[in-house]
Amino acid sequence: MLLPPATTMSHILDPKWLLILAGAVLLVQVVRRHLAGRTLKKIQGPPAPSWIMGHNELVQHQMEVGVLQKEWLEKYGTVWRTKNCFNEDALEIADPKALQYIFHKSGYHFPKPAVARQFTREITGSGILFAEGQDHARIRKIMNPAFTASQLKSFLPLFRHSAQKLGQKWKELLQVSSDSTQRVDVLSWLARCTLDVIGEVGFDVQCGALDDSLNPVMHAYKNMFADAIPFPSKANVLFRHFWRYIPMPILNYVQYIPSKEHIRFRRTLGVINDFARGLIQEKTEAALAGKNENKKDIMSILVRANASENPKSRLTDEEMISQMATFLLAGHETTANSTSWMLYELARHPEYQSKMREEVKAIRARVTERGDSDFSVSDLDSMTYVLAAMKEVLRLHPIVYSLIREAGRDDVLPLANPVTTTTGEVVDEIPIPKGTTCNIAIWAYNRLPQIWGPDADEFNPLRWIDHEKMGQTYVGVTSNLMTFSAGLQACIGWRFSIIEMQAILVELIEQFEFTIPEDKPEILRFPAGLVAPLVKSDMKAGAQMPLRVSLVQ
């Protein structure tokens, strides 16, 4: 804006000029947001069933993960528009370049929205999954020493010990059967195994889950997601829509609303926090006295790292406790589920299961020949067929099937796969206004034919052997998968999870054979926050993965 030549600083500071300047800035912002919003409205997408509810009710009441994403992906391409409550536009994103931009190139400019952060806070506390921006960077820096490659390798003997204990329990179970075979809910056993692992590796405590100890942590987590998250009421969905307008400190009080999800989350986190508080105090006192220098569990490393930090950047007591809840959830629930889906796919593909068993047998012979008693990390990494199957299951069955982000500023999303707008225009970028909800369609991305081939919906581990690299735009932390998220906020424990899964899977494949039970139960990918396997004819029983387990002959 041009000012009269005689204008001085005092004129510029005149309220009238300040008002005009503020009005001009506001006008520019309104015009930019209108133009960006206008482009957003041209992106194709399914018609909303309701102006008030948008697609929320439809999505949150689906019975199986992936059904809607598959339908919309095939119809609209790798980005499509959906509706939030009150006809608000949102984007569903499976495009690799858009995901790379959001997670890798934009720093913290696509934060988690209030709903996602509040639920995370209720489940794990104010830890790394809740934190944003500089708080997230500060917490991650302190946690990094516990997840170095050398540190994770040192955990392998503990992983293997729990895996072997699980194998022994199953052998005892099968010995009472006349034909050495039984129908087993492998998910419940794997959850007990991985809880023992995270107890020992994470905190240097014996949980005793495989020994049938009455474990309060196990009891607290059992079916938590399936009980609390699915099928929210319309009132709940509408109420959550307004959470974005509530400051986060005040929003924390919604946990005291007497609804089933808030009550369940509060009770569960209370059990975990009680368990954590005493342990952290004990380890902190030991660290101050110089008594836990040789302790290698994650919490001891975290306590030492925290003690050496500048006091201004240290984790608070609440943040320390929250990390424990995060470890317990991420360290046992997700790995148990992923390994269950792995055994399910191997039961459906016995020929590949045999390939894996032969490979494990060959590596076992090599280990014995060199005089070692068990596999090393190098041995596990040399199992080509095992690794290919793991990658394929992580691709086909991502336990976290969707994430939510929100544009922190007016922005432009680049696209690897151009989309056609409602006006017939083909666009390779989408301007979006600040505040736009970006639903990250992990399930859809992990099945994109453009990346994984025409058989992207099928279990085909050989794709990982036949192709050195898949996809032109690299997104995730490993194998171009979005299963562990990506970028600054990717899962810090993804390597931990993979080594743990390798250690357990190799033990089970070496000792046991897995087949589909005679009644061929239909397994649903139930959307319960995480993907939970449910038997369609027995959904009231909660998450389970029944398979027929036999001793290898």
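Everything quoted here is computed from the prediction, not taken from an experiment.

A. Representation of the sheet that holds strand β8 (residues 512-515) in the model. Strand order in the open sheet formed by three strands is β3-β11-β8, with antiparallel pairing between adjacent strands. Looking along the sheet, the strands with just one partner apiece sit at the ends: β3 (181-185) and β8. Adjacent strand axes in the sheet meet at a mean angle of 35 degrees, parallel and antiparallel pairs treated alike. Judged from the four bridges that link them, β8 and strand β11 (residues 546-551) form a sheet pairing that is antiparallel. By the bridge assignment, Phe512 is partnered in β11 with Leu551. Across the sheet, helix α17 (residues 317-348) is in contact with β8 and β11; its angle to β8 comes to roughly 75 degrees.

B. Highlighting the nonpolar core. With 154 residues, the main nonpolar core has Trp170, Val186 and Phe514 as its most contacted residues. Ranked by residue count, the leading element in this core is α17, at 14 residues. The contacts of Trp170, once residues within four sequence positions are left out, are Val184, Val186, Trp189, Leu508, Phe512, Phe514 and Val549.

C. Examining the sheet that holds strand β2 (residues 89-93) more closely. The four strands are arranged β1-β2-β7-β4 in an open sheet whose pairing can be described as mixed. This sheet does not close on itself; its edge strands, each paired only once, are β1 (79-83) and β4 (403-406). On average, each strand axis in the sheet is inclined to that of its neighbour by 30 degrees, with strand direction left out of account. The sheet strands contacting helix α4 (residues 67-76) are β1 and β2, and the helix crosses β1 at an angle near 125 degrees.

D. Region of the structure containing the pattern of salt bridges. Across all of its chains, the model carries 29 salt bridges by this definition. Residues Asp519 and Arg183 are paired through a salt bridge, measuring 2.9 Å at the closest nitrogen-oxygen approach. One end of the pair, Asp519, is in the loop between β8 and β9 (523-528); the other, Arg183, is in strand β3, with 336 residues separating them in the sequence. Residue Arg183 is classed as partly exposed on the basis of its relative accessible area of 39%. In this structure, Asp411 and Arg409 form a salt bridge, with 3.1 Å as the shortest nitrogen-oxygen distance. Overall, Asp411 belongs to the buried group, its relative accessible area being 9%.

E. Region of interest: helix α16 (residues 298-307). Counting buried positions over the ten residues of α16 gives eight, a clear majority of the element. All buried positions along α16 are accounted for by Ile298, Met299, Ser300, Ile301, Leu302, Val303, Ala305 and Asn306. Each element contacted by the buried residues of α16 is listed here: α7 (133-143), α8 (149-154), α10 (186-203), α15 (260-288), α17 and α24 (494-511).

F. Quick look at the packing of α15 against α17. One way to put it is that α15 packs onto α17 with a least axis distance of 9 Å and a crossing angle of 120 degrees. One element, α15, and the other, α17, form an angle in the oblique class. In the crossing of α15 with α17, the sense of the turn from one axis to the other is right-handed. The segment α15 lies against α17, with Leu269, Ile272, Asn273, Phe275, Ala276, Arg277, Leu279 and Ile280 engaging Met320, Ile321, Met324, Ala325 and Leu328. Of the residues contributing to the contact of α15 with α17, the split by class is eleven nonpolar, one polar and one charged.

G. Fine view of the packing of aromatic side chains. Per the counting criterion, the structure on display carries 22 aromatic pairs. Between Tyr101 and Phe110, the aromatic rings sit 6.3 Å apart at their centres with planes inclined by 80 degrees, giving edge-to-face as the arrangement. By relative accessible area, which is 3% here, Phe110 ends up buried. These aromatic residues form a ring-pair network of at least three members: Trp51, Phe86, Phe242 and Tyr245. In this structure, Arg192 is placed above the aromatic ring of Trp189, and the distance from its NZ or CZ to the ring centre is 4.2 Å.

Rules of the game
- Residues numbered from 1 in each chain as written.
- Predicted model: local features only at pLDDT ≥ 70, side-chain atom pairs only at ≥ 80, totals over all residues.
- Heavy atoms only, no water.
- Pairing = 2+ DSSP bridges.
- Helix = DSSP H or I, 4+ residues; strand = E, 2+ residues; numbered from the N terminus.
- Axes fitted to C-alpha atoms, helices over the stretch in contact; angles between N-to-C directions.
- Contact = heavy atoms within 4.5 Å.
- Core = buried A, V, L, I, M, F, W, Y, C linked by side-chain atoms within 4.5 Å.
- Buried < 20%, exposed > 50% of the residue type's maximum accessible area, 1.4 Å probe, protein only.
- Salt bridge = Lys/Arg side-chain N within 4 Å of Asp/Glu carboxyl O.
- Parallel < 35°, antiparallel > 145°, perpendicular 65-115°, else oblique.
- Left-handed = near helix turned anticlockwise from the far one by under 90°.
- Nonpolar A, V, L, I, M, F, W, Y, C, P; charged D, E, K, R; others polar.
- Phe/Tyr/Trp six-rings, centres within 6.5 Å; stacked < 30°, edge-to-face > 60°.
- Lys NZ or Arg CZ within 6 Å of the ring centre and 35° of its normal.

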